Number of protein chains: 2
Amino acid sequence: MSQIEFWFEFASTYSHIAAQLVEAEAATRQVEVVWRPFLLGPIFREQGLSDSPFNLNRVKGDYMWRDVARECERLDVPFRRPGQFPRNGLLAARISTAGEGQDWMPAFVRGVYRANFVEDLDISNVAVLEQALIEAGAPDPGMILEDAGSDGVKRKLRHRTDEAMQLGIFGAPSFRVGKELFWGGDRLQQALDLAERR
Amino acid sequence: MSQIEFWFEFASTYSHIAAQLVEAEAATRQVEVVWRPFLLGPIFREQGLSDSPFNLNRVKGDYMWRDVARECERLDVPFRRPGQFPRNGLLAARISTAGEGQDWMPAFVRGVYRANFVEDLDISNVAVLEQALIEAGAPDPGMILEDAGSDGVKRKLRHRTDEAMQLGIFGAPSFRVGKELFWGGDRLQQALDLAERR
């Protein structure tokens, strides 16, 4: 089965849209999704940015919120502008990293995006993430949370973020098919077209 | 007839793709294209940028060149990476401004983009632009070039660029339908969908 890597960051609005759609879209093409959590913060800092580009450039930020609302309506993805942006997705990313390859992980990721961008909840709050684990059908949320705080998982997430940089990833969502990189939810169809042809 | 405003900057690679496609795409929807030349330089300077964001961020720039080549192949738009980027499109923008509403203007714009992004020609060179005017069927290229250098046209282009800023335009290509703004060639279909519904 052909694969598409889906690189996502929990603070990213456009990653919310992609996360809700990627698995269903890929399934219609018989393509498997490989979920790749990473952190944009270190990558933005490398670029000399101290905050989300959408906060640093207010005009671009205002546009993004309007565009995301329009795209969510068009694509039938629930969305409500959160009271805080960006939210700290570090613990959610660690939990996803701990869950790589596990059945519950994609549903957990979608649930965290819904918590942030539909329910306006603080996704750095352990209780919010524990609830998302339960709803995703994770077998032992307490154990997963403990694992997410371990040195091994922290190291693995740092490694993933380094890997993202080495792959030339500079924003989220990004998709990777073979050696081809695609940036932005707008490129999901092109990435799937390529995966299908392989 | 419903209208779409197409805001373009001659240095912009993604504007090349949009310029080659917008009129044919709009025609299939019975939508009229209003061509709006403007300058990104003053807008980038307002954002604190001294060069194209694709030059300031090399990783993003490398990605853009790959993505533009892929998109041009997919959309059947000729493309060759130019030896210089960005090229100075000031005179081309002034000529387009002098030609607003004229039959030859869209063909001239497409010709200048081809000169820059297919033939790798210097679009700040008067001879290159005169040739583009001739090929676009402009009635009196010498007169148009004189007009393009007049205070009236210079003022009109400055006014357009101010208008772009007031409309919240921060990049190119941008599309405007009624009060809705769309940024990026990826949003052409959404903009046309809206124009069609009006």
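Residues numbered from 1 in each chain as written. Chains lettered and ligands numbered in written order. Predicted model: local features only at pLDDT ≥ 70, side-chain atom pairs only at ≥ 80, totals over all residues. Heavy atoms only, no water.

(A) Structural context of the overall build of chain A. The secondary structure content of chain A amounts to 10 helices and 4 strands. For chain A, the succession of helices and strands along the chain, N to C, is β-α-β-α-α-α-α-α-α-α-α-β-β-α. Expected size for 198 residues packed as a compact globule is a radius of gyration near 16 Å; at 16 Å, chain A falls within 12% of this value. Principal-axis analysis of the C-alpha atoms places the extent of chain A at approximately 40 × 40 × 35 Å. In chain A, buried positions account for 54% of the 198 residues. (Helix = DSSP H or I, 4+ residues; strand = E, 2+ residues; numbered from the N terminus. Rg over C-alpha atoms; globule rule 2.2 N^0.38 Å. Buried < 20%, exposed > 50% of the residue type's maximum accessible area, 1.4 Å probe, protein only.)

(B) Just the interface of chain A and chain B, in detail. On the chain B side, the residues contacting the 20 residues of chain A number 20 residues. Summing both partners gives a buried area of about 1900 Å² for chain A against chain B, and 49% of it is carried by carbon and sulfur. Ranking the residues of chain A by area buried against chain B places Y63(A), F170(A) and R187(A) at the top, with a combined share of 29%. Where chain A packs against chain B, one counts 10 salt bridges. The partner of E180(A) in a salt bridge is R66(B), and the shortest N-O contact between them spans 2.9 Å. Where chain A packs against chain B, one counts 14 residue pairs in polar contact (both at pLDDT 80 or more). (Contact = heavy atoms within 4.5 Å. Buried area = accessible area lost by both parts, 1.4 Å probe. Salt bridge = Lys/Arg side-chain N within 4 Å of Asp/Glu carboxyl O. Polar contact = N/O pair within 3.5 Å; in protein donor to acceptor, adjacent residues only side chain to side chain.)

(C) Layout of the layout of surface pockets. A volume near 740 Å³ is recorded for the second largest pocket. Around the second largest pocket sit 29 residues that line it, and D186(A), R187(A), Q190(A), D186(B) and Q190(B) are the ones nearest its centre. Residue assignment for the lining of the second largest pocket shows that the elements contributing at least two residues are helix 1 (13–28), helix 4 (58–75) and helix 10 (188–197) of chain A together with helix 1 (13–28), helix 4 (58–75) and helix 10 (188–197) of chain B. Across the lining of the second largest pocket, the residue classes tally to 12 nonpolar, 6 polar and 11 charged. (1 Å grid on protein atoms, 1.4 Å probe; cavity = no way out; pocket = protein on both sides within 12 Å on 5 of 7 lines; lining within 4 Å. Points joined across faces, edges and corners; volume = space filled by probe spheres on them. Nonpolar A, V, L, I, M, F, W, Y, C, P; charged D, E, K, R; others polar.)

(D) Representation of the relation of the copies chain A and chain B in the model. Once chain A has been moved 0.0 Å along the axis and rotated by 180°, it coincides with chain B to within an RMSD of 0.0 Å. The transformation relating the two chain copies, once decomposed into turn and shift, fits a two-fold axis. The rotation axis passes nearest to the C-alpha of D186(A) in chain A, at a distance of 3.2 Å. Most of the interface of chain A is mirrored in chain B: 100% of its interface residues are interface residues there too. (Least-squares fit on C-alpha atoms with pLDDT ≥ 70 in both.)

(E) Representation of helix 5 (residues 90–98) of chain B in the model. Residues and elements named next belong to chain B. By the criterion of burial, helix 5 is predominantly enclosed, with 7 of the 9 residues buried. Those residues of helix 5 that fall on the buried side of the exposure criterion are A92, A93, R94, I95, S96, T97 and A98. Where helix 5 is buried, its residues meet strand 1 (2–8), strand 2 (31–37), helix 6 (105–117), helix 7 (126–135), helix 8 (141–148) and helix 9 (151–166).

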